[in-house]
Amino acid sequence: MRSRRTERAAGGFTLAETLLALVLFVVLAAVALAGVQAAARARESSAMSASASLLGSQALNAVAEELRFGQEIMTGGDSVMLTSARYGVAVTIRLDENGRLIVPNAVQTVVTNANGDRVAHTEDAELLSEGAYGALSISDFNVTNAGDGYRIYICVSNPTGSALWQGETTVAPLNG
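All values reported here derive from a predicted model rather than from experimental measurement.

A. Structural detail: the nonpolar core. L67, L101, F141, I152 and I154 are the most contacted members of the largest nonpolar core, which has 32 residues in total. For this core, the secondary structure elements donating two or more residues are α1 (15-69), β2 (79-84), β3 (88-95), β4 (101-112), β6 (137-146), β7 (149-157) and β8 (163-171). Counting residues per element, this core draws most heavily on α1, at 8 residues.

B. Just the sheet that holds β7, in detail. The strand order β6-β7-β8 describes an open sheet built from 3 strands, whose pairing is antiparallel. Where the open sheet ends on each side, the last strands, each with one partner, are β6 and β8. Strand after strand, the sheet turns through a mean of 10° between neighbouring axes, direction not considered. When β7 meets β8, the two strands line up antiparallel, connected through 8 bridges. Paired with V156 across the bridge in β8 is W165. Set on the sheet, α1 makes contact with β6, β7 and β8; between it and β8 the angle comes to about 25°.

C. Summary view of the environment of L28. Relative to the helices and strands, L28 is located in helix α1. L28 sits 146 residues away from L174 along the chain, and the two C-alpha atoms are 64 Å apart.

D. How the structure looks around the pairing of strand β5 (residues 118-126). Relative to β5, β4 runs antiparallel, the two being bridged by 8 bridges. Counterpart to V111 in the pairing with β5 is V119. Hairpin remark: β4 followed by β5, antiparallel, with 5 residues in the connecting loop; positive phi at G116, about 90°.

E. Spatial organisation of the pairing of β6. Inspection of the sheet shows β6 paired to β7 by 9 bridges, in the antiparallel sense. Bridge assignment links S137 to a residue of β7, and that residue is S157. Turn length for the β6-β7 hairpin, with the two strands adjacent in sequence and antiparallel, is 2 residues, and the turn residue G147 shows positive phi of about 65°.

Cut-offs used in this document
Residues numbered from 1 in each chain as written. Predicted model: local features only at pLDDT ≥ 70, side-chain atom pairs only at ≥ 80, totals over all residues. Heavy atoms only, no water. Core = buried A, V, L, I, M, F, W, Y, C linked by side-chain atoms within 4.5 Å. Buried < 20%, exposed > 50% of the residue type's maximum accessible area, 1.4 Å probe, protein only. Helix = DSSP H or I, 4+ residues; strand = E, 2+ residues; numbered from the N terminus. Pairing = 2+ DSSP bridges. Axes fitted to C-alpha atoms, helices over the stretch in contact; angles between N-to-C directions. Contact = heavy atoms within 4.5 Å.

Below, the structure written as structure tokens:
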């Protein structure tokens, strides 16, 4: 009868020790992977929040600047009509279907068509550049009268529609 004893080479490991080491390695790798994934999610969330804050602040400032230097201002809740030093007489600032602040028909150019005729062409102007939005959009925009000035409210949302940033400011026009 053979006695039961563990055989190993000098400096080697038994099968049980090898399997235990392998299990420990797999558990440690899984914990490390979970930590890296959690850190990546936290970083993405932080970056999205920072981008939303930046977009919201830029949008508030852009609208406030137009109102500060505008004349003949009429608020309409989700839009505002004014005479703008930049865009002209009786222009409207509003949200488009993509959640971007636009001034409809503000860019006027003369183009030559296929027949060689010169024709007027108008395009919408964006208050902020395309790059300012990234994956975000403005989901709510509101301008109301506030005493001697105007209250501007903006809400920035992520692609799923969740609000990430909300802000408001009040501005008094310089030109009455």
